[in-house]
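# Observations on the model geometry
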Amino acid sequence: MFSKIKDFLQKIFKSRVFVFSIVMVLLSSVLVGRLFYLQIIKGEEYLNNYSKKIQKPRTLNSTRGSIYDRNGKLLAYNELAYSVVIEDNGTYESTKDRNDSMNAELYEIIKTLDKNGDEIVNDFQISLEEDGSYSFNVSGSSLKRFLADVYDHTSTDDLKYNKNLGYNEAEATASQVMEYLCRSSKEKGYDLSETDYAREDLYRIVVLRYAISLNSYQKYIVTTIAQNVSDATVAFIAENKSHLQGVDIAEDTIRKYVDAKYFSHFIGYTGKISQDEYEELKEEDDSYTLNDVIGKSGIEQYMDSTLRGTKGSETVYVDSLGRVIETTDRVEPIAGNNVYLSIDMDLQKAVYDLLEQKIAGILYSKIENIKSTDGNYASASDIVIPIDDVYFALIDNNVLNLEDFAREDASSTEQDIHRAFVTKQSRVLSWVEQELTSTSPTNMEDLSREQYTYMSYLISMLTDSGIILSDSIDTSDSVYQDFKNDKISAKEYLKYAINQNWIDITAFAMSDKYSDSDEIYDALCDYIIQEIEKDNGFSKKIYQYMIRDNEISGTQLCLALYDQKVLSYDDAAISSLSSGRISAYSFIKDKIKNLEITPAQLALDPCTGSCVIADVNTGELLACVTYPGYDTNRLANHMDVEYYNQLYNDQSVPFYNYATQQRTAPGSTFKMVTAAAALTEGYITPSTQIEDKGQFEEVENGPKCWVYPSNHGLINVSEAIRDSCNYFFYKVGYDMSMDNGVYNEEQGVNTINKYSSLFGLNEKTGIEISETPPKQTTEYPITSAIGQSNNSFTTIQLSRYVTAVANSGTVYNYTLLSKVTDSDGNVIKTYSPTVHNEITTISQSTWNAIHSGMKMVVENHAQFDGLGVESAGKTGTAQQVKTRPNHALYVGYAPYDNPEISIACRIAYGYSSSNTADVAASVYKYYFDLEDKEILLDHQADDEESDANSFND
């Protein structure tokens, strides 16, 4: 029995089936064991991760709609770009670990961006200045809101004296805020020190850390580190994602503006939402977040809810390490709607260029090769611009950067300028110090003009900085009055101000350090010298007198324009300037003529203007031009802070909309209102004649006609409009003020305002962007009748008025909008001007008299001769101050018999209305195709001088 079993087993062991069976049994055992291990040992980890699986909603941003002109030409759109983003999942083991890791990670990214020519997004409210100091770049309520956020307060009212910090949070300096943010992790800071990072790098890490912190309360919201980055940066992030925790590349869009400077004031721009904007907007729409991009100004702001679209959403699941492991419930975002404007893109650009050419032409014609003038002119039209004023304007309006003169790699010309400045500055500072400490200081009235400039500047500096407490000064005090009248020295005034507690010593001295007023005064003097040595404005005053005294030359400054790349490099021009073959005077005038140096850059009179074109039959706005404009592409997306500050400090004030915000007297363009009032109220008829006697003597110190000592003789209302006869309208204003033979000023004012109101000059026009309210006269009806007194209107308000004149009585509410479509082009909503009122009380005979007078205005002036289209118009000149040129205005319409468009144009300090009439004539040529447009828009200054005296204002 046993032998048989033995034989059987031997056969089995020798068989391949047996061997295979044994192997399979062994393998199965291993696999079962491994599975058992995975289930028992690793299953706990899996279950732990599963149990920590977190569900989070995520918002998907929509695509912003585009903006088009009335003809469908693109004005604002989105461009695909790549952004570096970071998602702070809070996955670090401790705050210290989190800080160290994040700081190192951000530093690596910043250095990569530097290497690839990219920049971080910087919306931080603190700037790092070139000298290494920190300063706030916001003020007022925006600064208070920032400080409240920094110090973790819900409201700005919660800002308080912080005993641990030793200062009042509401009065914190930029340096104190930086120190607070950089403190150790134990104090809930960023753990940053200049022992670990250079100041510039530390600053940029703080910028990003602060931006990330604003989103920290809602995880899985990404923070954008850099926008529109290069391919090299995209590649770096992609290759290093494994160790750059939370960092990724995201498809993004950036807002782009076509020919931005022409449309900047009414299209506006987009930017990241501020805390204040967020709190206001979320009240209306809770879908706004602190990471949103919104319209900041113009139509972008006004139509933000239309353009922004509807956000989408999805649900993300993350594991215990913060990694997204699943995405569900995706709802696609809906693209924003498109907005069409009433503006004609080509007309807007043409009018802007024509206006700039004319302003440059006026400037060109008024520059003379003299160093200065005595300022005594027979009339405002005689004012000239000395060439030294032009050279100084290059410095005064920051066309040339003073700090660049001191760079190590500055050109030899720049170095020569800087050496001369340092020498002069040393002399000036020594004199100031000596004057402030002298036992026998000089009375202000006995100082030289240059010395007076320096002393006046430092007093203004102390006042502007709040060291001189203006509100505490007793202006009736005899010592104050003596100083105001230049009878005492600056030293005497400042020492007296200290004794009277008119000086805030906390800004320059610790109160407990000084025992008496003499020591306080010494500290104030030290402070003054330190401040003016580094004060840019004071340095400019020094440069002004260096130019006057030929310590630096116009040639040096012109050459510096090439060194600082203000002008494109031109070897021939540089050689001619350097050798003296061309004078600096001829050179700079040529650059102005060719618009290589613009009126806005120089900010001399004139440097601004506006022009509004409307369809007189529909009230549609076809062009709304303000000069100068600016590049909104550099403000949108993430703001170019340096460019913003440049615009903010520009003396031509480019942020100001001169078409809708600048308000001046209308001058003689107002005379149609007075004519309508006098004719309708029965004070005159179209045939009534009034004899111009030169000076109106019915009142004491009666005003004179502009033609005095000559006169216009016996004329009717149409002829008075033609000749712009002030006497005629003085008489009419006087007659409207007579109440039963007694002069009643209020009656005259009320009558004039009744009719200016009929023409819409009592209210804003309805335009969607910022507009200054009109100001109707409140006094002096005799001068009010010619558009003086305190009548004051914007260009767009004059446009609405002349549009109503052209169409004989329909006053429109203006709008910039035409229609809104969805992303597929379907019209959702249409817009059109609405009728504000119809002037039904004015008879046709009155309209005929007014139109006839305006037609004769045009017929009398050469700009419109042979134009190919008949038109009607009225010139106006308005004096604001005697030391500057008059404002130039023109209103009109064309064609005369069947009007299509109206025009209202103003050049502030533009000398003569002949200049604005020139602009109108050029606009007609462009609009009605009366001249080759390429020749018309040759981008050269229009320096063809009109006879200012031929225009009657």
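About the thresholds
- Residues numbered from 1 in each chain as written.
- Predicted model: local features only at pLDDT ≥ 70, side-chain atom pairs only at ≥ 80, totals over all residues.
- Heavy atoms only, no water.
- Helix = DSSP H or I, 4+ residues; strand = E, 2+ residues; numbered from the N terminus.
- Buried < 20%, exposed > 50% of the residue type's maximum accessible area, 1.4 Å probe, protein only.
- Contact = heavy atoms within 4.5 Å.
- Areas by Shrake-Rupley, 256 points an atom, 1.4 Å probe, with all protein chains shown as cover.
- Lys, Arg positive; Asp, Glu negative; His and termini not counted.
- Charge placed at Lys NZ, Arg CZ, Asp CG, Glu CD.
- Core = buried A, V, L, I, M, F, W, Y, C linked by side-chain atoms within 4.5 Å.
- Axes fitted to C-alpha atoms, helices over the stretch in contact; angles between N-to-C directions.
- Parallel < 35°, antiparallel > 145°, perpendicular 65-115°, else oblique.
- Left-handed = near helix turned anticlockwise from the far one by under 90°.
- Nonpolar A, V, L, I, M, F, W, Y, C, P; charged D, E, K, R; others polar.
- Patch = residues over 30% accessible without salt bridge, like charges linked within 9 Å, V, L, I, M, F, W, Y side chains within 5 Å.
- Salt bridge = Lys/Arg side-chain N within 4 Å of Asp/Glu carboxyl O.
- pLDDT = per-residue confidence, 0-100.
- Pairing = 2+ DSSP bridges.
- Polar contact = N/O pair within 3.5 Å; in protein donor to acceptor, adjacent residues only side chain to side chain.
- Phe/Tyr/Trp six-rings, centres within 6.5 Å; stacked < 30°, edge-to-face > 60°.

## Describing the overall build of the protein chain
Scanning the protein chain from N- to C-terminus turns up 34 helices and 29 strands. Principal axes of the C-alpha set define a box for the protein chain whose edges measure 160 × 80 × 60 Å. Across the 953 residues in the protein chain, those meeting the buried criterion constitute 51%. Contacts in the protein chain between residues at least 24 apart in sequence constitute 70% of all its contacts with a sequence separation of at least 6. When the accessible area of the protein chain is evaluated, it comes to approximately 44300 Å², of which 45% is carbon and sulfur surface. Looking at charge distribution, the protein chain has the averaged site of its 83 positive side-chain charges lying 9 Å from that of its 142 negative ones.

## A closer look at the nonpolar core
Core analysis: the biggest nonpolar cluster contains 152 residues, and Leu341, Val432, Tyr493, Leu494 and Ile613 have the highest contact counts within it. Take this core: its biggest share by element is 11 residues, from helix 12 (residues 345–366). Residues contacting Tyr493, with those up to four places away along its chain left out, are Ile459, Ile468, Ile473, Tyr480, Phe483, Ile488 and Trp502. Counting residues in each nonpolar core, the second largest holds 56 residues, with Leu679, Met736, Ala806 and Val857 among its members.

## What to know about the packing of helix 26 (residues 671–680) against helix 32 (residues 844–859)
In contact at an axis separation of 10 Å, helix 26 and helix 32 are set at 150° when each is read in the N-to-C sense. Taken as axis vectors, helix 26 and helix 32 run roughly antiparallel relative to one another. Crossing handedness for the pair helix 26 and helix 32: right-handed. Listed contacts from helix 32 to Met672, Ala675, Ala676, Leu679 and Thr680 of helix 26 are Thr846, Ala849, Ile850 and Met854. Grouping the amino acids of the contact of helix 26 with helix 32 by side-chain chemistry returns seven nonpolar, two polar and no charged.

## Focus on a negative patch on the surface
Taken together, the side chains of Glu129, Glu130, Asp131, Glu403 and Glu642 make up a negatively charged region of the molecular surface. Counting through the fold element by element, Glu403 comes out in helix 14 (residues 402–405).

## Regarding helix 13 (residues 387–396)
When you tally the buried positions in helix 13, you get eight out of 10 residues, the bulk of the element. Listed in full, the buried residues belonging to helix 13 are Ile387, Asp388, Val390, Tyr391, Phe392, Ala393, Leu394 and Ile395. Where helix 13 ends, the next residue or the one after it, Asn398, has phi of about 65°, a positive value.

## A look at the confidence of the model for the protein chain
Averaged over all residues, the pLDDT of the protein chain is 91; the fraction at 70 or higher stands at 91%. Considering only residues more than four positions removed or in separate chains, one finds that residues 35–47, a stretch of pLDDT under 50, has three contacts.

## A few points about the pattern of salt bridges
Within this structure, the stated rule accounts for 44 salt bridges. With a closest N to O distance of 2.9 Å, Glu300 and Arg64 form a salt bridge. Here the residue Glu300 occupies a position in helix 10 (residues 298–302), and Arg64 occupies one in the loop between strand 1 (54–60) and strand 2 (67–68), the gap between them amounting to 236 residues. Of the charged contacts, one joins Glu931 and Lys925 as a salt bridge, the two residues approaching to 3.6 Å between their closest N and O atoms. The class of Glu931 is partly exposed, set by a relative accessible area of 30%. Beyond isolated ion pairs, a larger network of salt bridges with shared partners links Lys424, Arg427, Glu450, Arg548, Asp549 and Glu551.

## Comments concerning the sheet that holds strand 17 (residues 609–615)
As summarised here, the arrangement of the five strands in space is 18-17-29-28-27, forming an open sheet in which the pairing is antiparallel. The two strands at the open ends of the sheet, each matched to only one other strand, are strand 18 (621–627) and strand 27 (872–878). Taken pair by pair, the neighbouring strands of this sheet meet at an average axis angle of 5°, ignoring direction. Relative to strand 29 (residues 901–907), strand 28 (residues 887–894) runs antiparallel, the two being bridged by seven bridges. Among the inter-strand pairings, Ala894 is bridged to a residue of strand 29, identified as Ile901. Lying over the sheet, helix 32 contacts strand 27 and strand 28, oriented at roughly 75° with respect to strand 27.

## Regarding the sheet that holds strand 12 (residues 312–318)
With respect to topology, three strands assemble into an open sheet ordered 1-12-13, the strand pairing being antiparallel. Unpaired on one side and paired on the other, strand 1 and strand 13 (324–331) mark the two borders of the sheet. Along the sheet, successive strands turn relative to each other by an average axial angle of 25°, direction set aside. As judged from the five bridges shared by strand 12 and strand 13, these two strands associate in the antiparallel manner. When the bridges of strand 13 are listed, Tyr317 appears paired with Glu326.

## Some points on the environment of Thr815
Structurally, the position occupied by Thr815 is in the loop between strand 23 (810–813) and strand 24 (817–821). Looking at Thr815, the relative accessible area reads 8%, which means it is buried. Excluding its chain neighbours within four sequence positions, the residues that come into contact with Thr815 are Ser342, Leu621, Glu768, Ser832 and Pro833. One polar contact links Thr815 to Glu768, side chain to side chain, over a distance of 2.4 Å.

## Topic: the packing of aromatic side chains
Per the counting criterion, the structure on display carries 40 aromatic pairs. For the ring pair Phe124 and Tyr210, a centre distance of 5.4 Å and an interplane angle of 55° mean the geometry is tilted. Here Phe124, found in the loop between helix 3 (95–115) and strand 4 (126–128), pairs with Tyr210, found in helix 6 (residues 199–214); they are 86 residues apart in sequence, far enough to count as distant. Taken individually, Phe124 and Tyr210 each receive the classification buried, so the pair is uniform in this respect. With a centroid separation of 5.9 Å and 25° between ring planes, the pair formed by Phe864 and Tyr890 is classed as stacked.

## Quick look at the packing of helix 15 (residues 412–437) against helix 19 (residues 517–534)
Orientation of helix 15 relative to helix 19, taken along the N-to-C sense of each, is 165°, at an axis distance of 11 Å. By the angle between their axes, helix 15 is roughly antiparallel relative to helix 19. For the pair helix 15 and helix 19, the sense of crossing is right-handed. For the pair helix 15 and helix 19, the contacting residues are Gln425, Leu429, Val432, Glu433 and Leu436 in the first and Tyr521, Cys525, Ile528, Ile529, Ile532 and Glu533 in the second. Its residues assigned to classes, the contact of helix 15 with helix 19 comprises eight nonpolar, one polar and two charged.

## A closer look at the side chain of Glu435
Checked against the element boundaries, Glu435 lands in helix 15. Buried and unpaired, Glu435 has Lys491 as its nearest opposite-charge partner, separated by 8.7 Å.

## Regarding helix 8 (residues 260–267)
Counting buried positions along helix 8 yields seven of eight residues, so the element is predominantly enclosed. Inspection of helix 8 places Ala260, Tyr262, Phe263, Ser264, His265, Phe266 and Ile267 among the buried residues, and these make up the whole buried set. Gly268 sits one or two residues past helix 8 and shows a positive phi near 80°.

## What to know about unusual backbone geometry
Cis rather than trans, the peptide bond between Tyr627 and Pro628 has omega equal to 5°. Inspection of the secondary structure assignment puts Pro628 in the loop between strand 18 and helix 25 (641–649). The peptide bond linking Tyr708 to Pro709 adopts the cis configuration, its omega dihedral lying at 15°. Locating Pro709 in the fold gives a position in the loop between strand 19 (690–692) and strand 20 (713–715). A positive phi angle is found at Asn398, which is not glycine, with a value near 65°. Turning to its location among the elements, Asn398 is positioned in the loop between helix 13 and helix 14. Taking the relative accessible area as the measure of exposure, Asn398 reaches 35% and is therefore partly exposed. A positive phi is found at Ser808, a non-glycine position, where the angle reads about 65°.

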